[in-house]
Amino acid sequence: MGTIWFWIVAAMLTLYVVLDGFDLGVGIVYLLVARTEQDRRKAMHAIGPVWDGNEVWLIAGGGTLFFAFPLLYASSFSGFYLPLTIVLWLLIVRGMSIELRAHTHDSVFMSLFDATFAFSSLVLAIFFGAALANVIRGVPLGADDYFFLPLWTNWRTGPNPGILDWYTVLGGLLAAVAIAMHGLLYLALKTTGDLNTRSTAWAKKALPVVAILTLASVPATVIARPDSLIHYQEHGVAWLAPAMVVVSLVMIAISLARGWEWRAFLGSCTYLASMLVGAAAGLYPVVLPSVGTEGKSITIDEALAGPHTVRVGLVWWTFGILLALIYTVTVYWLFRGKVPEHSEGYGH
Amino acid sequence: MDALTLHRIHFAFTITYHYLFPQLTMGLALLIFIMKLIALRTDDPAKRERYDEASRFWARIFAVNFVIGVVTGIPMEFQFGTNWSEFSRRTGGVIGQPLAMEGVFSFFLESAFLGLLLFGEKRISRKLHTLAAFMVFLGSWISGFFIIVTDAWMQHPVAYKILPNGVYEVTSFWGLLMNPWAWLQYAHNMSGAVITGAFVVAATGALYLLQRKHEEYGRLFLKVGVIAGIASCVAQIFPTGDLHGKYMARHQPAAVAGMEGLFHSTPGAPIVLMGQPDVERQTIDNPLAVNKVLSFLIYGTTSAEVKGLDQIPQDQWPSALPLLFYSYHIMAGLGTYFAGLMIIAGFLLWRGQLYNARWLLWPILLSFPLPYIANTAGWMTAELGRQPWLVYGLMRTSEGYSKHIGPGTSLFTLLGFLGMYSVLSILWIVMVYTAIQKGPKAPVVDAGHDGHTLTTA
Ligand code: HDD
Ligand code: HEM
Ligand code: HEM
């Protein structure tokens with residue numbers, strides 16, 4: 001039961017990264033590739049009808065984490081108090097920037113909201129990457145299963161880490177570049193003209209950087225968390241995830257060279273998903289590793305809610321998520337295809 | 001200030017601010033759906049276009065409020081973990097359930113169909129577009145339900161058992177969802193949201209008529225607002241407020257005694273309409289009271305004894321007693337005023353005099369902030385009345401907060417939220433005011449389509 005819920009939560013958060021990832025990615029590259037007002041409107045139009053729904057995967061994933069693993073939710077959310085609060089603020093800025101830009105006709109304010117949109121998207125991507133790296137590296141759990149992390153200490157991994165150290169900064173960088181590429185490929189897929197050309201060109205430049213950082217993350221992870229390979233050694237299937245990472249990178253490269261927009265974007269979705277699944281597989285059955293001397297790592301079994309709760313939960317969750325998938329697919333289908341050349345933007 | 005106080009203020013501030021937005025969107029969602037339905041049903045093309053355009057206009061206002069509702073709602077969801085971790089750890093298996101269900105069942109629904117409602121009108125048929133409006137309404141009302149189930153469990157815990165490690169476990173899923181407290185609270189709260197929606201719509205109508213702008217829509221808004229207003233304002237007092245009060249008197253006597261300022265148990269208890277509670281001397285200063293009414297309201301007979309605070313150990317008294325007393329009186333006082341105002345307006349509407357009754361349009365316009373105050377005061381009543389318990393009778397508020405988050409850290413994020421939300425408020429005012437000033441577009445007949453379609457210029 002615990003394993004099922006572990007993968008359910010992992011899948012929801014992965015879907016969040018894949019879906020909201022391209023919204024964030026569009027934000028990161030927005031000032032770079034969308035130069036004219038027309039292009040900016042088109043870029044906004046590409047994410048306008050879907051970004052809010054994409055964000056719901058974070059909320060629903062967080063809610064599911066809360067009820068399935070109350071201990072993990074309580075310990076990690078309070079332990080990551082400061083970065084999480086900053087993420088919340090950035091989500092506020094991002095959401096408001098998108099909405100406000102659509103409501104403004106004054107060019108001064110439009111460039112202000114353009115800037116806040118780009119800035120918040122970039123920092124969010126870095127924070128998400130760093131957050132994942134924090135979980136992989138482990139946190140200084142106390143005997144009561146709680147911890148508190150300052151934003152930084154001595155930038156080193158080890159028993160007294162901060163939110164930011166060399167390893168988590170690397171994670172943040174990798175996330176920012178990978179998500180930027182994801183956004184570029186989405187823009188290429190959804191637009192025509194200059195915006196399309198420029199996005200494709202930048203995606204070609206981003207790909208090698210993503211590949212190099214991905215490669216670098218492997219030895220880095222082994223240094224930061226020496227036992228991270230144990231689970232891979234125990235369960236051979238886990239190797240599928242890194243294999244898929246490689247396959248998807250190749251797929252992006254080939255698709256970019258041949259001008260296959262759909263496959264390139266799918267490749268990038270697969271890349272992000274395999275990276276996250278790979279990370280989850282490396283943790284399992286631990287959900288929050290400890291680096292301290294006092295507390296032990298929190299495992300699935302310790303964190304899982306009561307037996308009745310999780311059994312009933314599986315019934316309504318399955319039903320609800322099917323409905324959610326139907327809505328999501330419907331919306332994407334209705335807004336399929338390229339953004340029209342002379343779109344009126346995401347204004348209402 | 002100590003950490004506990006700061007965490008409480010942190011939660012109280014962020015939730016109060018969040019709820020300013022859903023109360024309007026939940027109320028508006030219903031009204032937009034009704035307007036779409038009227039447009040769908042009518043055979044008169046001019047009327048259809050008017051109602052369609054009115055719903056487009058309100059959907060734009062909805063969107064602005066929705067986005068702020070979303071960005072301020074996410075911090076709520078996270079705050080259980082960040083600031084109330086011990087509470088979350090112990091009760092997550094129970095309250096996490098409705099919270100997760102809210103995400104899975106309503107937020108997806110709401111956001112998907114809102115996209116269709118706002119951007120899809122040209123891509124789907126009229127019927128489907130009306131369906132989208134219905135789905136948005138459904139989504140926001142389901143969302144309200146799950147949240148209320150969460151709160152109701154804290155007010156009146158049901159269907160739980162405590163495991164050996166101190167963690168709470170649900171014993172019956174349906175028992176949790178069918179908590180009688182939740183249904184009473186839900187009815188009262190949703191009716192309160194419709195009041196906010198109705199007052200905002202009616203006030204906009206009154207503004208247009210007073211400004212002699214968009215008058216056609218001014219009349220429409222006023223009519224829709226006043227009719228919805230009468231229904232919801234009456235329902236707010238009777239049966240929902242009344243039933244909720246009676247149920248509370250049985251299950252949270254301390255909260256009721258605090259709300260009513262009843263320090264001493266009395267048969268034939270009076271109702272205090274106004275006054276200032278003095279907790280030290282246990283009296284009400286300058287009371288304006290009507291004898292026996294409280295006993296009657298709660299038990300249906302004028303002689304019944306109502307439990308006062310003297311029968312409750314002092315360490316279980318609601319901690320902020322005067323504030324509780326005032327919150328309750330503000331809510332109930334405003335509720336009485338709303339019902340009066342709307343009934344007078346409804347009478348004039350029926351007589352066909354409302355649109356010219358400028359003396360009444362002014363109070364309708366100026367009253368639009370009051371439902372926000374009433375709803376906030378209502379929640380303060382509920383949440384302060386629950387004190388000192390976090391989960392009524394089971395877990396004290398002082399047991400639930402994140403012990404290792406110091407007061408300095410909590411104050412830091414509280415100040416951050418204060419700053420962020422101040423900016424949001426300014427932006428909200430500018431956006432909504434601009435949208436209202438622009439108004440709905442004037443309808444223009446477009447003969448190019450299939451004979452009876454109208455589009456806007
Ligand atoms: C427009 C808003 C509004 C208005 C006019 C009223 N209420 Fe209310 N009331 C609410 C909005 C509200 C609320 C925000 O919806 C609350 C807070 C918690 C809840 O579920 O509903 C609430 C709670 C609430 C409670 C329960 C408090 C608790 O749970 O501890 C009672 C007993 C009443 N109300 C009674 C009344 C009466 C007798 C009213 C009429 C005169 C009245 N309310 C008008
Ligand atoms: C329905 C969902 C809600 C839930 C689950 C909820 C839960 C909580 C929690 C966990 C606390 C902190 C612990 C405590 O002080 O007891 C709290 C306090 C508080 N909440 Fe709510 N709340 C909800 C809705 C609201 C709303 C809509 C408002 C106001 C508009 C509100 C006003 C307050 C206030 C004023 C406090 C501080 C009370 C005090 O500490 O004395 N709550 N609530
Ligand atoms: C502590 C309590 C609360 C939590 C954790 C919470 C959480 C959230 C979250 C995460 C969202 C964003 C959802 C999205 O992306 O669509 C949201 C929006 C919303 N919330 Fe809350 N909320 C709380 C209190 C309330 C209360 C008291 C109500 C009403 C009864 C309410 C009704 C809504 C509605 C209708 C929305 C949709 C957005 C909107 O219409 O503005 N919430 N809430």
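Predicted model only: the values in this text are computed from it and were never measured.

> An account of the overall build of chain A is requested, with residue identities and associated values reported.
Summing up its helical and strand segments, chain A has 13 helices and two strands in all. Taking 2.2 N^0.38 as the reference for a compact globule, 348 residues should give roughly 20 Å; the C-alpha atoms of chain A span a radius of gyration of 20 Å, in line with that estimate. With the principal axes as the frame, chain A shows a C-alpha extent of 60 × 40 × 40 Å. For chain A, buried positions account for 59% of its 348 residues. Once local pairs closer than 6 in sequence are excluded, the contacts in chain A between residues at least 24 apart make up 79%.

> For the coordination of the iron atom of ligand 3, give the residues involved together with the corresponding values.
Just one protein atom coordinates the iron atom of ligand 3, and that atom is His18(B) (NE2), at 2.2 Å. Of note, His18(B) is situated in helix H1 (residues 3-41).

> Kindly report on a nonpolar patch on the surface, identifying the contributing residues and their values.
Residues and elements named next belong to chain A. Where nonpolar side chains cluster on the molecular surface, the patch consists of Val218, Val222, Leu229 and Trp239 and spans about 340 Å² of accessible area. Relative to the helices and strands, Val218 is located in helix H8 (residues 193-224). We classify Val218 as exposed; its relative accessible area is 52%.

> A description of the coordination of the iron atom of ligand 2 should follow, citing residues and the corresponding values.
Looking at the protein side alone, the iron atom of ligand 2 has one donor only, Glu383(B) (OE), at 2.1 Å. Tracing the chain through its elements places Glu383(B) in helix H12 (residues 370-386).

> Which residues make up the site of ligand 3, and what are the values?
Neighbouring ligand 3 are 27 residues; His18(B), Tyr19(B), Thr25(B), Gly73(B) and Asn189(B) lie closest to it. One finds residues of chains A and B in close proximity to ligand 3. Between His18(B) and ligand 3, the recorded distance is 3.0 Å, taken from a side-chain N or O atom to a nitrogen atom. At 2.5 Å from an oxygen atom of ligand 3 is found a side-chain nitrogen or oxygen belonging to Thr25(B). Sorting the residues of the shell around ligand 3 by element identifies helix H3 (51-68) of chain A together with H1, helix H2 (45-83), helix H3 (85-119) and helix H4 (126-155) of chain B as the ones contributing at least two each.

> Tell me about the pairing of strand S5 (residues 283-290) of chain B, residues and numbers included.
Residue and element names in this part refer to chain B. Where strand S4 (residues 271-278) lies against S5, six bridges are found, and the strand directions are antiparallel. Paired with Gln276 across the two strands is Asp285, which belongs to S5. The turn linking S4 back onto S5 is made up of four residues, and Gln282 within it adopts a positive phi angle of 55°.

> Give a description of the interface of chain A and chain B that names residues and reports values.
Counting from both sides, the interface comprises 64 residues of chain A and, opposite them, 67 residues of chain B. For the pairing of chain A and chain B, the buried interface totals around 5600 Å² over both sides, and the portion due to carbon and sulfur atoms is 78%. Counting across the interface, chain A meets chain B through zero salt bridges. Our enumeration of links across chain A and chain B arrives at eleven residue pairs in polar contact (both at pLDDT 80 or more). Among the elements of the structure, H3, helix H4 (70-79), helix H5 (81-103) and helix H13 (307-334) of chain A are those that each provide at least two residues to the side of chain A that touches chain B.

> Lay out the environment of Glu37(A) with the relevant residues and their values.
Residues and elements named next belong to chain A. Tracing the chain through its elements places Glu37 in helix H2 (residues 37-47). Residue class for Glu37 comes out partly exposed when judged on its relative accessible area of 33%. The spatial distance from the C-alpha of Glu37 to the C-alpha of Ser107 is 9.3 Å, given a sequence separation of 70 residues. Apart from the residues lying within four places of it in its own chain, the contact partners of Glu37 are Arg101 and Met110. Within the local environment of Glu37, its side chain forms a polar contact with the side chain of Arg41, the two groups lying 2.9 Å apart.

> Which residues make up the side chain of Ser327(B), and what are the values?
Along the polypeptide, Ser327(B) turns up in helix H10 (residues 321-350). Those residues within four positions of Ser327(B) in sequence are excluded, and the remaining contacts are Ala377(B), Met380(B), Thr381(B) and Leu384(B).

> I'd like a description of the site of ligand 2, backed by residues and values.
Residue and element names in this part refer to chain B. Around ligand 2, a shell composed of 20 residues is seen, among which Arg8, Ile147, Glu383, Arg386 and Gln387 lie nearest. In this structure, an oxygen atom belonging to ligand 2 sits 2.4 Å away from a side-chain N or O atom of Arg8. Take Glu383: an N or O atom from its side chain is 2.6 Å from a nitrogen atom of ligand 2. Breaking the shell around ligand 2 down by element, the ones donating at least two residues are H1, H4 and H12. For the shell around ligand 2, the element with the most residues is H1, which contributes six residues. Each residue belonging to the shell around ligand 2 can be placed in one class, and the counts come to twelve nonpolar, four polar and four charged.

> Please provide a residue-by-residue account of the packing of aromatic side chains, values included.
Taken as a whole and judged by the stated rule, the model has 56 aromatic pairs over all chains. Taking the centre distance of 5.8 Å and the plane angle of 85° together, the rings of Tyr16(A) and Phe128(A) count as edge-to-face. Note that Tyr16(A) is positioned in helix H1 (residues 2-33) and Phe128(A) in helix H6 (residues 107-137), a separation of 112 residues in sequence. The exposure class of Tyr16(A) is buried, given its relative accessible area of 3%. For Phe128(A), a relative accessible area of 23% corresponds to the partly exposed category. Within the aromatic cluster, the residues linked to one another by ring pairs are Trp5(A), Phe67(A), Trp316(A), Trp317(A), Phe319(A), Phe105(B), Phe145(B), Phe146(B), Trp183(B) and Tyr186(B). Lys205(A) extends its terminal NZ or CZ atom over the ring of Trp202(A), reaching a point 4.2 Å from the ring centre.

> Please give an account of the packing of H1(A) against helix H11 (residues 261-283) of chain A that cites residues and values.
All names here are of chain A. Interaxial distance between H1 and H11 falls to 10 Å at its minimum, and their mutual angle equals 145°. Considering the relative orientation of H1 and H11, their crossing is right-handed. Along the contact surface, H1 presents Phe6, Trp7, Ala10, Thr14, Val17, Val18 and Phe22, while H11 presents Phe265, Cys269, Leu272, Ala273, Leu276, Val277, Ala280 and Ala281. Here the residues of the contact of H1 with H11 are counted per class, giving 14 nonpolar, one polar and no charged.

> Tell me what's going on with the pattern of salt bridges, and back it up with residues and numbers.
Summed over the entire model, instances satisfying the criterion amount to 19 salt bridges over all chains. With a shortest N-O distance of 2.9 Å, Asp20(A) and Arg94(A) are connected by a salt bridge. You can see Asp20(A) sitting in helix H1 and its partner Arg94(A) sitting in helix H5, a full 74 residues away along the chain. Each member of the pair, Asp20(A) as well as Arg94(A), is classed as buried. Notably, a salt bridge pairs Arg56(B) with Glu53(B), separated by 2.6 Å at the nearest N-O pair.

Conventions we followed
Residues numbered from 1 in each chain as written. Chains lettered and ligands numbered in written order. Predicted model: local features only at pLDDT ≥ 70, side-chain atom pairs only at ≥ 80, totals over all residues. Heavy atoms only, no water. Helix = DSSP H or I, 4+ residues; strand = E, 2+ residues; numbered from the N terminus. Rg over C-alpha atoms; globule rule 2.2 N^0.38 Å. Buried < 20%, exposed > 50% of the residue type's maximum accessible area, 1.4 Å probe, protein only. Contact = heavy atoms within 4.5 Å. Donors = N, O, S within 2.8 Å, 3.2 Å for Na, K, Ca; no water. Patch = residues over 30% accessible without salt bridge, like charges linked within 9 Å, V, L, I, M, F, W, Y side chains within 5 Å. Areas by Shrake-Rupley, 256 points an atom, 1.4 Å probe, with all protein chains shown as cover. Salt bridge = Lys/Arg side-chain N within 4 Å of Asp/Glu carboxyl O. Near = heavy atom within 4 Å. Polar contact = N/O pair within 3.5 Å; in protein donor to acceptor, adjacent residues only side chain to side chain. Pairing = 2+ DSSP bridges. Buried area = accessible area lost by both parts, 1.4 Å probe. Nonpolar A, V, L, I, M, F, W, Y, C, P; charged D, E, K, R; others polar. Phe/Tyr/Trp six-rings, centres within 6.5 Å; stacked < 30°, edge-to-face > 60°. Lys NZ or Arg CZ within 6 Å of the ring centre and 35° of its normal. Axes fitted to C-alpha atoms, helices over the stretch in contact; angles between N-to-C directions. Left-handed = near helix turned anticlockwise from the far one by under 90°.

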